[in-house]
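Chain by chain, the residues run as shown.
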Amino acid sequence: INAEYMGNSPPTVDPVNIAEERERLVGVYEYNDRDSDPEGASEFQWFRSESPRGDGVPIPGATGKEYNPTNEDFGRYLAFRAIPVAQTGVLRGDPGRSAWKLILPSNDPPSANPATIPEPLVGIPIIGQYVYADVDSDPEGTSEFQWYRSESPVGDGAVPIPGAVDQEYTPTDEDFGTYIRFEVIPVARTGVLRGEPARSAFLLVLKEDTVTNTPLPRVDYSWKPWVWPVVGLSAFGILGTVVAVVVVVNRFKAPEFSPFLDNDFPEADVGDEGFDVDVDNPGDVDIGEEFDYEAQQFNQWEDQ
């Protein structure tokens, strides 16, 4: 028996609107039943449309009175539909639907600047560092990571490192001598979800035992040693010659070195005809035992 023919009418929902509560939307409607049949389990559905004049399509899973817009909704239109259901009498009434509502971002996206990495060494795990921030206090969700490799310190031709999609990365032998970068895309759990990528600088990958060569000191022999005895002999006789020889011998002494804190070497005058002293092979320069001793003394310190 149709209850309506027995004097019972179906329920109605009118009007139907959409209200905003912070970051969520709430479907609002007024339930009516002429026979005072109480409301039962009314049914709801949210719709999305590219145009305010279309029918739209149901949003999967959006079947409650409340709805949190996603990035996919921004710039599109949403509508809320309610089907009234009574507990008694005629149970189901006609659907009521809200007007279309344009959805715009109501807050700012998250950020992750600055992004940095420590000096990368082969075989040593490193962690990409970044500072997550969101002016609307939206908590961080599952942010996304990617490491890149380049042959250039400015990142020319950089390519993603396969499988390097975690915050931590261990450089390999394949990375040695190349430059790597860390990238993070900040993702929030609420509000505008995805922010702009933040990227570290490209850093050169070295090995732990890599040694930087230190230049050897240069000693000035541009002056002509034989000139001084001749000058001494002609100007001051035998005594002048002896003094000149002493000067020459002292000039040929190897400089003494000490372990300076900044690893610098003593300055030496370099003339146009100066040459490098090979401290590893002091015998190459025939300047006597005293130079050999000093060179060995320098080599001892260098080995330490």
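Residues numbered from 1 in each chain as written. Predicted model: local features only at pLDDT ≥ 70, side-chain atom pairs only at ≥ 80, totals over all residues. Heavy atoms only, no water.

A.B. asks: Whenever I open this one, the overall build of the protein chain confuses me. Can you help?
C.D. replies: Secondary structure assignment for the protein chain yields two helices and 19 strands. The buried share among the 304 residues of the protein chain stands at 36%. Excluding contacts between residues fewer than 6 apart, the proportion of contacts in the protein chain whose partners are at least 24 apart in sequence is 62%. Just so you have it, the protein chain exposes about 18,800 Å², and 52% of that area is on carbon and sulfur atoms. (Helix = DSSP H or I, 4+ residues; strand = E, 2+ residues; numbered from the N terminus. Buried < 20%, exposed > 50% of the residue type's maximum accessible area, 1.4 Å probe, protein only. Contact = heavy atoms within 4.5 Å. Areas by Shrake-Rupley, 256 points an atom, 1.4 Å probe, with all protein chains shown as cover.)

A.B. asks: Teacher, can you tell me more about the sheet that holds strand E1 (residues 12–21) here?
C.D. replies: One key point about sheets: their strands pair by backbone hydrogen bonds, in either a parallel or an antiparallel sense. If you trace the three strands from one edge of the open sheet to the other, you get E1-E2-E5, paired in antiparallel fashion. Sheet topology places E1 and strand E5 (66–67) at the edges, where each strand pairs with a single neighbour. Across two bridges, the pairing between strand E2 (residues 24–32) and E5 is antiparallel. Directly across from Leu25, in E5, lies its bridge partner Tyr67. (Pairing = 2+ DSSP bridges.)

A.B. asks: Help me understand a nonpolar patch on the surface, please; the structure alone is not making it clear to me.
C.D. replies: Together, Phe176, Leu204 and Leu206 make up an exposed nonpolar region whose accessible area comes to about 220 Å². Among the structural elements, Leu204 can be located in strand E17 (residues 203–204). (Patch = residues over 30% accessible without salt bridge, like charges linked within 9 Å, V, L, I, M, F, W, Y side chains within 5 Å. Salt bridge = Lys/Arg side-chain N within 4 Å of Asp/Glu carboxyl O.)

A.B. asks: For this particular structure, what's the right way to read the pattern of salt bridges?
C.D. replies: Where charged atoms from two side chains of opposite charge come close, those side chains can pair. Across all of its chains, the model carries twelve salt bridges by this definition. A salt bridge links Arg76 to Glu50; the nearest nitrogen and oxygen atoms lie 2.7 Å apart. Pair noted here: Arg76 is in the loop between E5 and strand E6 (77–83) and Glu50 is in the loop between strand E3 (43–49) and strand E4 (57–58), with a separation of 26 residues, a long-range link. Glu174 is paired through a salt bridge with Arg149; the nearest N and O atoms lie 3.7 Å apart. With Glu174 in the loop between strand E14 (168–169) and strand E15 (179–185) and Arg149 in strand E12 (residues 144–150), this residue pair connects regions lying 25 residues apart in the sequence. By relative accessible area, Glu174 is classed as exposed at 57%.

A.B. asks: Even after reading the chapter, I still don't get the pairing of E1, so can you show me in this structure?
C.D. replies: Along any regular strand the residues' side chains alternate between the sheet's two faces. Across eight bridges, E1 lies against E2 in antiparallel orientation. Bridging across to E2, Ala19 finds its partner in Val26. Linkage of E1 to E2, two consecutive antiparallel strands, is achieved through a turn of two residues, within which Arg22 is found at a positive phi near 55 degrees.

A.B. asks: Help me out: how do you make sense of the packing of aromatic side chains in this one?
C.D. replies: The relation between two aromatic rings is expressed through the spacing of the ring centres and the mutual angle of the planes. If you walk through the whole model with that rule in mind, you get eight aromatic pairs. On the numbers, 5.0 Å between centres and 50 degrees between planes, the contact of Trp46 with Phe80 is tilted. In this pair, Trp46 sits in strand E3 while Phe80 sits in strand E6, placing the two residues 34 residues apart along the sequence. Both residues of the pair, Trp46 and Phe80, belong to the buried class. A network of ring pairs unites the aromatic residues Tyr29, Phe44, Trp46, Tyr67 and Phe80 as a single cluster. Just above the ring of Phe47 sits the side chain of Arg97; from NZ or CZ to the centre is 4.2 Å. (Phe/Tyr/Trp six-rings, centres within 6.5 Å; stacked < 30°, edge-to-face > 60°. Lys NZ or Arg CZ within 6 Å of the ring centre and 35° of its normal.)

A.B. asks: Hey, could you run me through the nonpolar core in this one?
C.D. replies: Inside soluble globular proteins, nonpolar side chains tend to come together where they are buried. Counting residues in hydrophobic clusters, the biggest one holds 18 residues, and the most contacted among them are Tyr29, Trp46 and Phe80. Elements with a minimum of two residues in this core: E1, E2, E3 and E6. Sequence-distant contacts of Tyr29, defined by excluding residues within four places in its chain, comprise Val13, Pro15, Val16, Glu39, Ser42, Phe44, Lys65, Phe80 and Ala82. Ile117, Ala164, Tyr169 and Val205 belong to the second-largest nonpolar core, a separate cluster that totals 16 residues. (Core = buried A, V, L, I, M, F, W, Y, C linked by side-chain atoms within 4.5 Å.)

A.B. asks: Is there a simple way to explain unusual backbone geometry in this structure?
C.D. replies: Of all residues except glycine, most have a negative phi; of all peptide bonds, most are trans. In this structure, Pro15 follows Asp14 across a cis peptide bond, with omega equal to 0 degrees. A cis amide bond, omega -5 degrees, links Asn113 with the succeeding residue Pro114. If you trace the backbone, Pro114 turns up in the loop between strand E8 (101–102) and strand E9 (115–116). You will see that Ser36, though not glycine, has its phi angle at about 60 degrees, which is positive. With respect to the helices and strands, Ser36 occurs in the loop between E2 and E3.

A.B. asks: Looking at this model, I keep getting lost on the confidence of the model for the protein chain. Mind explaining?
C.D. replies: Across the protein chain, the average pLDDT comes to 79, with 66% of residues at 70 or higher. Low pLDDT (under 50) marks residues 254–279, which in the prediction has 48 contacts with non-local residues, meaning those over four places away or in another chain. Confidence drops under pLDDT 50 across residues 282–304; counting only partners more than four residues distant or on other chains, this segment forms 28 contacts. (pLDDT = per-residue confidence, 0-100.)

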